[in-house]
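Descriptive analysis of the structure
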Amino acid sequence: VISCADFMTEIGNYLDGDVAAEVRVRLEAHLSHCETCQVVLDSARKTLQIVTDSGSFDLPQETFQPIADRVMARLREAKT
Amino acid sequence: MSYLREAEVSSSFPPFEAFREHFGFVPKIYLAQTLLPRLIEAEAALVEAVLFQQRALSPIQKECILLVVAAAHDNVYGVTRHYQRLRLIGMAEQQIDRILAGHRQARLPTADAGLLDFALKLARHGAPISQADVATARAQGLSDESILEAILVTAWANFLCSLSTGLGVAPDFEPREIRHQPPDFSAESESTEASIGPYLTTVENGPGGYAAVLQEQFGFVPNLFRAQTRRLDVVGAEIGVLETLLFTGDLTRVQKERILLVVSAANRNTYGVAVHSQILTTLGTPPDETDQIALDHQRARLPEEDKALLEMVRRLATEPHAFGRSDIERLQECGFSQRHVLEAVVMASFTIFLNTVQFGLGAKPDFTPRRMFGPAPPKKAHLSSPEPRPTPREFAVDPDAEAIAKVRGGDLDAFEVLILRHSKRVYRTLVGILGNADEARDAVQETFLKAFQHLGSFEGRARFSTWLVSIASNTGLQFLRERRPLDSLDDDEFEPDGFRPRQIRAWTEDPEQFYSRTETRSLVEGAVLKLPAKYRVVVMLRDMEQLSAEETAAALGLGIPAIKSRLLRGRLMLREALAPHFARSAKEVAP
C-alpha cells in the first residue's frame, strides 16, 4: 500500500509521466481514496501550468539591442 | 429515457449491484437493456474483465480512452458519463477539458498521449491499425499488455457509442457540450494496403477451456480469440456475450449472423466478413447470396422485413449521426418486437466491438476472404482543423544552422542575429539562477561572448539554443559562486522525511482567471525568486525553458536523480507559495 509520503516522492515523476505502469496503477489507487493527495496533485499540475504560461521573466525584445550592441562592439574590437 | 421500455428487475440483480459498487449508480445504458437481463449479465462480465480488472492500464487511462473515443464519435452519452467519471476519480476539470480540446497539447505523459493517439486511430472504423502503429506505441513505452488493453477499451468505447445511439439512451448527467479536436491522422502516412498481423505477442496457455467451447459452438477456434490469449478472462467474457447473443433471444441465428456480416462489411472488416460468410454458408445460405448480402443487402433475395433489419444496423454502423427514433419505429412497423430491436442493436454494436478488436490486433482471417476491403477513405467530419505533428527533435534541422555557418565563415554580423534571437531565453535562464535582473543582464553579455569563443566546439549534437542555455547556466553559476558564495548550489543535504504539504485546500477550477496576466506573472516571479537557488535553477531550466531532464543534468553538471529531486522540491515549494492566492475559498467567495 502506498502512503501519502510515497505519493509525494513520486508526484514529480507522475506529473512528467515518468512512472512505470505498475507504480502508476498503485499511485492512482492511492489517489482514488486520498483527498489530500488529490488536492496536492491537482494544485501541483495547476502550478506547473501557471508557471509555464505566466511569461515570467520575459523582457521586451528592444531591451536586448543595447546588450547585443555591446557584445558586437567587443567582438569587432577583438577582431581588429 | 430510451427508445425501448424498461422491464422491472430485482434490486439485487447482481450486475446492477456490481455497477452500483463500482460507478455509484446503474448507468442508463444498462437500464435500457432490461428487456434482456441475460445480456446485461454477459456484458457486465466483459465490463469486469476489460474495465474493472486492474492490470496494465490504470482506471484514469481507461476512462481517458473512453472519453476521447466518445468525443470523436460526437457521442453525448459517452462524453457526459466519462467526463463525470474522470472527475470522480481525481482528474481536474481543466485537465479533462484540455484533453478534449486536443490531447496532444494537454501536457500528457508521452505514453498517455500515445495511448490516446492509438485509441483514436483505431476507433475510426475502416482505418486499420498497422504494424507501424503498434511499433510507435511500443516506442512510446507501452507494453503489449497495455496495447491489448487499449484495443479492448477502445472497442468497448465503440460498443457503448453504438449502443447508446441505437437505443437512444439519455445521458446519466447534465449533458456536456462536446468541444473536441482529435488529431488529423490523414497527414500521417497511413498504409493503404491491408496490414497483416497479428501485431502483438501472445502467450501460450495450453488448451484453454475457451478453445473447447469455441470448437463446440462454432466448429473452429477463430484467430481473433487466439490473438488475445494474454487475457483469457476477457476472451471468456467475449465468448459469453457472443453466446448469449447468438443462442438466446428471439431473432433467428441466421438473422443474427446476417447482422454480423452486414455490420462487418459496413466497417470494411475483411476478417468479420470472411468468418460470417463462412458461417452463413454452413447454416445453409448459398455463397453467392452471402456475397450479395455483404455487398448490398437491399438487392439480396430476402424478405422485406429482413432487409429493413439489416438497413437499420447498417445505418447504425455507418451513419450514427443520422440515426434516430424513426429507425427503430420503422422496424416495429415491420412487425419486430421491442426485444427483437434490442437484440439487433446489441448484436450490431457487439459486431463493432469485435471488428475494432480485430483491426487493433490484425488477427488473420480464418478462411480465405472472398472479398478484401481496403481502408475506407478518411472521414472528414471531425477533422476540420488539421494540426501539424511536431517534428521529433532529433530529425529537425536546427533553425540556427545557417547563421552559425555564416559566423564560422567569418560573417560577424550573423552573430548579432543569433544574439537577438536567443537573448530572451538566455536572460530568463540567468535571472532564474541569479535572482537579480541587473546581474542577469551582465551575465547575458558574458554568455554570448563565451558562446562566440567556443563556437568552434559546438558540434551540433544538441540544438544551438540548448547549447547556449548550458553556457548561460555555467556563466550564471560562476557569477553566483563569485558573488554570493553562501547561496550554494552544490550541497545536496540528506533530507530524510519527504516533503509534507502544508497548503491542502483545493484550488479553484480555473485559477488564472482571477488575476490579470501581469498579476499572475508577478506572483510567479516573486515565488520563483524566493526559491533557494539550487531548486530555482532546475525549475527554470525544466519548466520555463522546457529542457529535458538529460539536458538540464548536462547543463548543470548534475545527475538525473538530483535534477528530479530538486525539480520536485522546487515545484512543490512553488505550489505552497502560490496556494494562498489560488485556493478555493480565498477567491470564489468574493466577487
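First, a word on what this report is: a plain description of the structure on this page. (Residues numbered from 1 in each chain as written. Chains lettered and ligands numbered in written order. Predicted model: local features only at pLDDT ≥ 70, side-chain atom pairs only at ≥ 80, totals over all residues. Heavy atoms only, no water.)

Structural notes on the packing of helix α1 (residues 4-15) of chain A against helix α2 (residues 21-33) of chain A
Helix-helix packing: each pair is described by the crossing angle between the helix axes and the interaxial distance. Residues and elements named next belong to chain A. Contact geometry for α1 and α2: axes closest at 11 Å, N-to-C directions at 125°. It follows from the interaxial angle that α1 and α2 lie oblique. Considering only the axes of α1 and α2, their crossing is left-handed. Contacts between α1 and α2 involve Cys4, Phe7, Glu10 and Tyr14 from the former and Arg24, Leu27, Glu28, His30 and Leu31 from the latter. Classifying every residue of the contact of α1 with α2 gives 5 nonpolar, 1 polar and 3 charged. (Axes fitted to C-alpha atoms, helices over the stretch in contact; angles between N-to-C directions. Helix = DSSP H or I, 4+ residues; strand = E, 2+ residues; numbered from the N terminus. Parallel < 35°, antiparallel > 145°, perpendicular 65-115°, else oblique. Left-handed = near helix turned anticlockwise from the far one by under 90°. Contact = heavy atoms within 4.5 Å. Nonpolar A, V, L, I, M, F, W, Y, C, P; charged D, E, K, R; others polar.)

What to know about the nonpolar core
Judged by nonpolar contacts, the single largest core of 150 residues is most densely connected at B:Phe19, B:Tyr30, B:Trp156, B:Ile259 and B:Phe353. Discounting chain neighbours no more than four positions away, the residues touching B:Phe353 are B:Leu46, B:Leu152, B:Ala155, B:Trp156, B:Phe159 and B:Glu238. A:Phe64, B:Val407, B:Leu412 and B:Leu468 belong to the second largest nonpolar core, which has 66 residues in total. (Core = buried A, V, L, I, M, F, W, Y, C linked by side-chain atoms within 4.5 Å. Buried < 20%, exposed > 50% of the residue type's maximum accessible area, 1.4 Å probe, protein only.)

Let's talk about the interface of chain A and chain B
Interface extent is often summarised as the accessible area lost during association of the parts. Contacts between chain A and chain B engage 50 residues on the former and 65 residues on the latter. Summing both partners gives a buried area of about 5,500 Å² for chain A against chain B, and 64% of it is carried by carbon and sulfur. Summed over the three residues of chain A that lose the most area to chain B, namely A:Lys46, A:Ile50 and A:Phe57, the buried surface amounts to 14% of that side. B:Arg428 serves as the salt-bridge partner of A:Asp58, at 2.6 Å between the closest nitrogen and oxygen. (Buried area = accessible area lost by both parts, 1.4 Å probe. Salt bridge = Lys/Arg side-chain N within 4 Å of Asp/Glu carboxyl O.)

Concerning the pattern of salt bridges
Residue and element names in this part refer to chain B. Under the counting rule described, the total for this entry stands at 30 salt bridges over all chains. The salt bridge partner of Asp327 is Arg315, with a shortest N-O separation of 2.5 Å. Of this pair, Asp327 sits in helix α17 (residues 325-333) while Arg315 sits in helix α16 (residues 304-318), and the two are 12 residues apart along the sequence. The exposure classification of Asp327 matches that of Arg315, with both residues buried. Each member of the salt-bridge network shares a partner with another, and the members are Glu311, Arg314, Arg315, Glu319 and Asp327.

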